[in-house]
Amino acid sequence: MADINIESELTGNVWKIVAKEGDNVAEGDTLLILESMKMEIPLMSSDDGVIKQIKVKEGDILNEGDVAVILTA
Amino acid sequence: MSFRRILIANRGEIALRIQAACRARNLAWVQAYSEADADSLPVRSSDHTILLGAAAVAYSYGNAARVIAAAQEAGCDAIHPGYGFLSENADFAADCEAAGITFIGPQADIIRRMGDKATARRIAQGAGVPVIPGSEGPVSAEDGAALADRIGFPLLIKAAAGGGGRGMRIVPDAGSFARAYEGAAREAEAAFGSGAMYLERYLEKVRHIEVQIFGDGTRFVHLGERDCSTQRRHQKLVEEAPAAGLAADLVAEIREAALGLARAVGYRNAGTVEFVVDMTTGDFYFIEMNTRIQVEHPVTEAVTGLDLVAEQIAVAEGQPLSWRQEDITITGHAIECRVNAEDPAKGFMPRPGTITSYAAPTAPGLRIDSHLEQGHTLPAQYDSMLAKVIVIAPTRTAAIEAMKQALAAYEIEGVPTTIPFLLELMDDPVFGAARIHTRYVRDVMWKGRPLQQML
């Protein structure tokens, strides 16, 4: 069991949080949806695992490289 | 009537384009801007400017009350909304008229009717324009199953309140219908708070063909069609005029259908009637009408030699349309490529940032519409389009070659752009054969590449 940081790959707003802490997720599942330059971009899980912590809330601004979600895989 | 002064309620390249049209008509303008755009080229190239508010769209270009107040403060008697923002907001158009300011666009009622998909579909059917076979509104699972047999398979179940592919299922045959309906409705309920579903024939491979029309309320013309089939996330990346590889009688039918719709609503202003052409059957169907100037209007200007934005202003002043159908000729072939601040290698991910180096190419037949310059910072609040590269040449082959040269010589540094993708597309044999369909970029060009699923 290891913690994996899911980082934002772009600068944008957190438009919608799709997953919840404690959810079982698979690689490629959408965790939250970011909005940048009028586009909705999903932030997807990089691994199978359980969501340990969601570090953002809707409306937050994320910069490239910021950790949005911590996954236990 | 001649306008005293126009408020330009938009930003970026379209603001500069409207300024050029004002110059062409010897009209004064006031450039509206947000805090994020205070140092932008459209603001610096204007003698008169007015601050709308903070960068966020809700406080600036999208704030109807603030835009109207700004027009009044600046002594403007007309507002040009450009595209996006308030350009297809019927309430805004009505509020402008109520405030004694001319909205440079169609009447509020037409925007409202054509903006409502169900109403626009009914108007199109009334005008004899083909629409995609489907239900006339939401249907229950039981009624839908009976209707599905009449519509035919494959068909699409779509959330009435939906968008972005959520609450949508492709149903290959009657046996799969009930289960697909239940799944889509559940997804739609969770995503949009409504499980209302409607049905539509599923068209696997379509080209997106649209017709530029213009009207003054009594006279209507078409300015030919554009092919906008190269898309990602349902957004256009490349447009060309005329559409290549379509039978002449089909093109004539599509143009006439668009004119029929314009006549049916007594259209006034520049407008675009959008269709899909089923590549399997050759049938065409109306999908929607855009009641504004569009991003891709320059390819039509290139092949007709006309100034569409100046004509929008003239018609809004109450002048009759300058052109009769017989005045309009289509000459040569034009292509427009949208250069966006996106990283094609990462699923066309948007990339705000600062332009560290900028040099635009020049050549005969090349037009670049852009507000870009070295040092310009791209705000995350607005869309990612940096520039439109437009070429006109005697043939499509020559236009593709001219586009390759222009793109290869275009220097934009500081953010990734779509230029590498556009160059690859210009060399693509399917694009070369004018056989691109709307899902080609996602399903064929980007198949197996990273983040394909984002397209």
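Conventions we followed
- Residues numbered from 1 in each chain as written.
- Chains lettered and ligands numbered in written order.
- Predicted model: local features only at pLDDT ≥ 70, side-chain atom pairs only at ≥ 80, totals over all residues.
- Heavy atoms only, no water.
- Helix = DSSP H or I, 4+ residues; strand = E, 2+ residues; numbered from the N terminus.
- Buried < 20%, exposed > 50% of the residue type's maximum accessible area, 1.4 Å probe, protein only.
- Contact = heavy atoms within 4.5 Å.
- Areas by Shrake-Rupley, 256 points an atom, 1.4 Å probe, with all protein chains shown as cover.
- Lys, Arg positive; Asp, Glu negative; His and termini not counted.
- Charge placed at Lys NZ, Arg CZ, Asp CG, Glu CD.
- Rg over C-alpha atoms; globule rule 2.2 N^0.38 Å.
- Salt bridge = Lys/Arg side-chain N within 4 Å of Asp/Glu carboxyl O.
- Core = buried A, V, L, I, M, F, W, Y, C linked by side-chain atoms within 4.5 Å.
- Phe/Tyr/Trp six-rings, centres within 6.5 Å; stacked < 30°, edge-to-face > 60°.
- Lys NZ or Arg CZ within 6 Å of the ring centre and 35° of its normal.
- Buried area = accessible area lost by both parts, 1.4 Å probe.
- Polar contact = N/O pair within 3.5 Å; in protein donor to acceptor, adjacent residues only side chain to side chain.
- Pairing = 2+ DSSP bridges.
- Axes fitted to C-alpha atoms, helices over the stretch in contact; angles between N-to-C directions.
- Parallel < 35°, antiparallel > 145°, perpendicular 65-115°, else oblique.
- Left-handed = near helix turned anticlockwise from the far one by under 90°.
- Expected span 1.5 Å × (residues − 1).

Colleague: Help me out: how do you make sense of the overall build of chain B in this one?
Modeller: Looking only at helices and strands, one finds 15 helices and 22 strands in chain B. In terms of overall dimensions, chain B has a C-alpha envelope of 65 × 50 × 50 Å along the principal axes. Sorting the 455 residues of chain B into buried and exposed places 57% on the buried side. Residue pairs at least 24 apart in sequence account for 65% of intrachain contacts in chain B once pairs closer than 6 positions are excluded. Working note: accessible area of chain B is about 17700 Å², and carbon and sulfur atoms make up 50% of it. Charged side chains of chain B number 44 positive and 56 negative; the gap between the two group centres comes to 2 Å.

Colleague: Help me understand the overall build of chain A, please; the structure alone is not making it clear to me.
Modeller: Across its full length, chain A holds zero helices and eight strands. Helices (α) and strands (β) of chain A occur, in sequence order from the N terminus, as β-β-β-β-β-β-β-β. Taken against the 2.2 N^0.38 rule, which gives 11 Å for 73 residues, the C-alpha radius of gyration of chain A at 11 Å falls within 12% of a compact globule. The principal-axis extent of the C-alpha atoms belonging to chain A is close to 35 × 20 × 20 Å. Counting every position in chain A, which comprises 73 residues, the buried fraction comes to 38%. Looking at chain A alone, contacts between residues at least 24 apart form 57% of all its contacts between residues at least 6 apart. As displayed, chain A has an accessible area near 3700 Å², and 44% of this comes from carbon and sulfur atoms. Across chain A, 6 positive and 15 negative side-chain charges occur, with their mean positions spaced 8 Å apart.

Colleague: Looking at this structure, how should I read the pattern of salt bridges?
Modeller: One side chain can pair with another of opposite charge once the charged atoms of both are near each other. All names here are of chain B. Taken as a whole, this structure holds 38 salt bridges over all chains when the rule is applied. Where Glu424 meets Arg449, a salt bridge forms, and the shortest distance between an N and an O atom there is 2.5 Å. In this pair, Glu424 is assigned in helix α13 (residues 419–426) and Arg449 in the segment after α15 (440–445), connecting sequence segments 25 residues apart. The exposure class of Glu424 is partly exposed, given its relative accessible area of 33%.

Colleague: Explain the nonpolar core here, please?
Modeller: Side chains of a nonpolar character, in soluble globular proteins, are inclined to be buried together. All names here are of chain B. Val238, Val339, Leu386, Leu407, Ile412, Phe421 and Met426 are the most contacted members of the largest nonpolar core, which totals 38 residues. Looking at this core, the elements that each hand over two or more residues are β11 (235–241), β14 (333–340), β21 (385–393), α12 (396–409), α13 and α15. Setting aside anything within four residues of it in sequence, one finds Leu386 in contact with Val339, Asn340, Ala341, Ser370, His371, Leu372, Leu378, Ile412, Val415 and Thr417. The next biggest cluster of nonpolar side chains, apart from the first, holds 30 residues, and it includes Ile18, Phe214, Val295 and Val309.

Colleague: Honestly, the packing of aromatic side chains in this entry has me stumped. Any pointers?
Modeller: What the rule picks out here adds up to 12 aromatic pairs over all chains. Taken together, the ring pairs in this structure connect Tyr61, Phe85 and Tyr382 of chain B into an aromatic cluster. Looking at Lys38 of chain A, its charged tip hangs above the ring of Phe85 of chain B, at a distance of 5.0 Å from the centre. Here the basic side chain of Arg396 of chain B rests over the ring of Phe431 of chain B, its NZ or CZ set 4.8 Å away from the ring centre.

Colleague: What is the right way to look at the interface of chain A and chain B in this model?
Modeller: Interfaces are frequently sized by the accessible area removed from exposure as the parts join. Every contact between the two is made by 15 residues of chain A and, on the other side, 23 residues of chain B. When residues of chain A are sorted by the area they lose upon contact with chain B, Met37, Lys38 and Met39 of chain A head the list and together hold 46% of the total. Here chain A is connected to chain B by two salt bridges. Among the ionic pairs, Glu9 of chain A bridges to Lys346 of chain B, the shortest N-O distance being 3.7 Å.

Colleague: Is there a simple way to explain the side chain of Ser60 of chain B in this structure?
Modeller: Residue and element names in this part refer to chain B. Along the chain, the position of Ser60 falls in the loop between β3 (49–53) and α3 (64–73). A polar side-chain atom of Ser60 sits 3.3 Å from the main-chain carbonyl oxygen of Ala54. Those residues in contact with Ser60, other than ones at most four positions away along the chain, are Ser34, Leu52, Gly53, Ala54, Ala55, Val67 and Tyr382.

Colleague: I keep staring at the sheet that holds strand β13 (residues 284–290) of chain B and nothing clicks. Help me out?
Modeller: Sheet strands associate in pairs through backbone hydrogen bonding, adopting either a parallel or an antiparallel arrangement. Residue and element names in this part refer to chain B. Reading across from one edge, β13-β12-β9-β10-β11-β14-β21-β19 is the order of the eight strands in this open sheet, with antiparallel pairing throughout. With one partner strand each, in any of the chains shown, β13 and β19 (366–370) form the two edges of the open sheet. Sheet twist, expressed as the mean angle between neighbouring strand axes with direction ignored, is 25°. When strand β9 (residues 206–216) meets strand β10 (residues 220–232), the two strands line up antiparallel, connected through six bridges. Counted as the bridge partner of Gly215 is Phe220 from β10. The sheet contacts of helix α10 (residues 297–304) involve β9, β10, β11, β14, β19 and β21, and relative to β14 the element is tilted by about 155°.

Colleague: Could you clarify how one ought to interpret the pairing of β21 of chain B in this entry?
Modeller: A regular strand places its side chains on the two faces of the sheet in alternate fashion. Residue and element names in this part refer to chain B. Buried residues dominate β21, accounting for eight of its nine residues. Pairing of β14 with β21, which is carried by eight bridges, proceeds in the antiparallel orientation. When the sheet's bridge partners are listed, Arg338 is paired in β21 with Lys388. As judged from the five bridges shared by β19 and β21, these two strands associate in the antiparallel manner. Counterpart to Arg367 in the pairing with β21 is Ile390.

Colleague: Looking at this model, I keep getting lost on the environment of Gly12 of chain A. Mind explaining?
Modeller: Residues and elements named next belong to chain A. By the element assignment, Gly12 lies in strand β2 (residues 12–17). When the C-alpha atoms of Gly12 and Leu34 are compared, they prove to be 6.1 Å apart, with 22 residues separating the residues in sequence. With near-sequence residues (within four places) excluded, Gly12 lies in contact with Glu35, Ser36, Asp60, Ile61 and Leu62.

Colleague: How do you make sense of the packing of α3 of chain B against helix α4 (residues 90–98) of chain B when you look at a structure like this?
Modeller: Residue and element names in this part refer to chain B. Where α3 contacts α4, the axes come no closer than 10 Å and their chain directions differ by 30°. Relative to α4, the element α3 lies roughly parallel. At the point where α3 passes α4, the crossing takes the right-handed sense. Across from Ala64, Val67 and Ile68 in α3, the residues of α4 making contact are Phe92, Asp95 and Cys96.

Colleague: Would you explain helix α9 (residues 248–265) of chain B in this entry?
Modeller: Counting along an α-helix, one turn takes 3.6 residues, and residues three or four places apart therefore face a common direction. All names here are of chain B. In a regular helix each residue adds 1.5 Å, so 18 residues correspond to 26 Å; α9 covers 27 Å between its end C-alpha atoms and thus fits that length. Looking at α9, one finds that the buried residues are Leu250, Val251, Ile254, Arg255, Ala257, Ala258, Leu259, Gly260, Leu261, Ala262 and Val265. On its buried side, α9 packs onto α5 (108–115), α6 (117–126), β9, β10, β12 (268–278) and β13. Just downstream of α9, Gly266 is the residue with a positive phi angle, here 60°.

This is a description of form; function is not addressed.
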